[in-house]
Amino acid sequence: MFETQPPLPHRWRLDGNYLMGITSDRWWSLLRQNQFHVAPAYWHRAIMISLTSALSSALSALESWRYGSAVEATEVETDPTFILGHWRSGTTLLHELLSLDAERWACPATFDVMSPQTFLLITSPLFRAGMRPLVPRRRPMDDMQLGVGSPQEDEFAIALLSQQSYYCALAFPEAEQHYERYLTLQDLTPAELNRWRTTFIYFLKKLTLKYGRPLLLKSPTHTARIKLLLQLFPNAKFIHIHRHPEAVFQSMAHYFNTAGWLTCVQKQNLDILTESILRRYTMLYDAYFEQRSLIPPGQFYELSFSALQEDAIAQIQSIYQALNWPYSPAFDAKMRQYLQARDGYRKNTFSALDPTTHEQIQQRWQRAFKTWGYKPSGQCGSQPAEAQSR
């Protein structure tokens, strides 16, 4: 399932590494947390991050001087909408479709989350153009288009601002279980949790100041944080998308064999990746199933990835109707144009799961199979596993 070593081109690539936007103080804090252990194969990445962090620090000081008071005075007046779902479950497609309703809300862009301490200051198109070499034109794991203005996960910003994020493990996989504490946030001390809340609200204030519209946020990590998000935003709305568990596993394995190599400064332990994927899925959805009943009526909608693929327009219309949002002709036209442009896009296909992994998925993720009515594929082949879903 997993390659024994990273493909050679991935070792030398510098694009796709979200740490390029971190400031020096936070970069050195992250290094200290990991005892300054950087694999020799990735020293060049650590050097480049150190150089870009110095620039980010200088720009961050200027931004704080220029906009600090304005950020502090900003209020997130309208509670956000959160897209939930495990990684590789269709959250990106759903996010991009909904983001086309630009009159309704704003989404954090790739540039915002990679430069969370400087994006208010840096408005020059020339500077943003200079950032483009650091952002792959297409996502390595699924070949979807990517740019500095693409809708992106706010969790990357939290990782850069506070280091209180599972995403820090993408760079430092040896400390993976330490950073998993920040997936559900349930085991944090009161001081740690207060720091996370403060960081999260700070970033949302900055986004609100920049865009001046309600926020549409997508991070798979939020799937395990419903209770906390409702404490912060009682009127928040949630859209959850799920996918056949076998397809999720195959796609996650593919992620670590592709994009996973672009972010690390330590070598991944491929021998434990299967267990890591199985464990995180269980952690995420144990929290989700425990907390989703807390969402008040009229603030939640759930759909499957296969349904979104089969008829995206109908699914989006159903979301709008259920959450009582007006559906505009202009938004409909933008979606149809977007879908027409990606008409030739084809999902990845994967080789068969080995029998042991196939059995583990069925046993350990059985709650997901049962809750959403998915059928185990039986003899798992190379066809996408979601073909077996209801």
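First, a word on what this report is: a plain description of the structure on this page. (Residues numbered from 1 in each chain as written. Predicted model: local features only at pLDDT ≥ 70, side-chain atom pairs only at ≥ 80, totals over all residues. Heavy atoms only, no water.)

What about unusual backbone geometry?
This is how the line gets drawn: Counting from the N terminus, the helices are the DSSP runs of H or I reaching at least four residues and the strands are the DSSP runs of E reaching at least two. Buried means the residue's accessible area, taken with a 1.4 Å probe over protein chains only, is under 20% of the maximum for its type, while exposed means over 50%, and partly exposed covers the values in between.
Of note in this structure, Gln-35 is not a glycine but carries a positive phi near 55 degrees. With respect to the helices and strands, the residue Gln-35 is situated in the loop between helix 2 (24-33) and helix 3 (43-73). Backbone geometry at Gln-163 places phi at a positive 60 degrees, although glycine is not the residue there. Residue class for Gln-163 comes out buried when judged on its relative accessible area of 3%.

Quick word on the pattern of salt bridges
Where we set the bar: Salt bridges are counted wherever a side-chain nitrogen of Lys or Arg sits within 4 Å of a carboxyl oxygen of Asp or Glu.
Considering all chains together, one arrives at 14 salt bridges under this definition. Two residues, Glu-180 and Arg-279, come together in a salt bridge whose shortest N-O distance is 2.8 Å. Taken together, the positions of Glu-180 in the loop between helix 8 (176-179) and helix 9 (181-184) and Arg-279 in helix 14 (residues 273-291) put the pair 99 residues apart, joining distant regions of the chain. Among the residues examined, Arg-279 registers a relative accessible area of 17% and is labelled buried. Measuring nitrogen to oxygen at the nearest pair gives 2.8 Å for the salt bridge that ties Arg-181 to Glu-192. Residue Arg-181 is located in helix 9, and its partner Glu-192 is located in helix 10 (residues 190-211); the two are separated by eleven residues in the primary sequence. Because the salt bridges share partners, they merge into one network encompassing Glu-176, Glu-180, Arg-279 and Arg-280.

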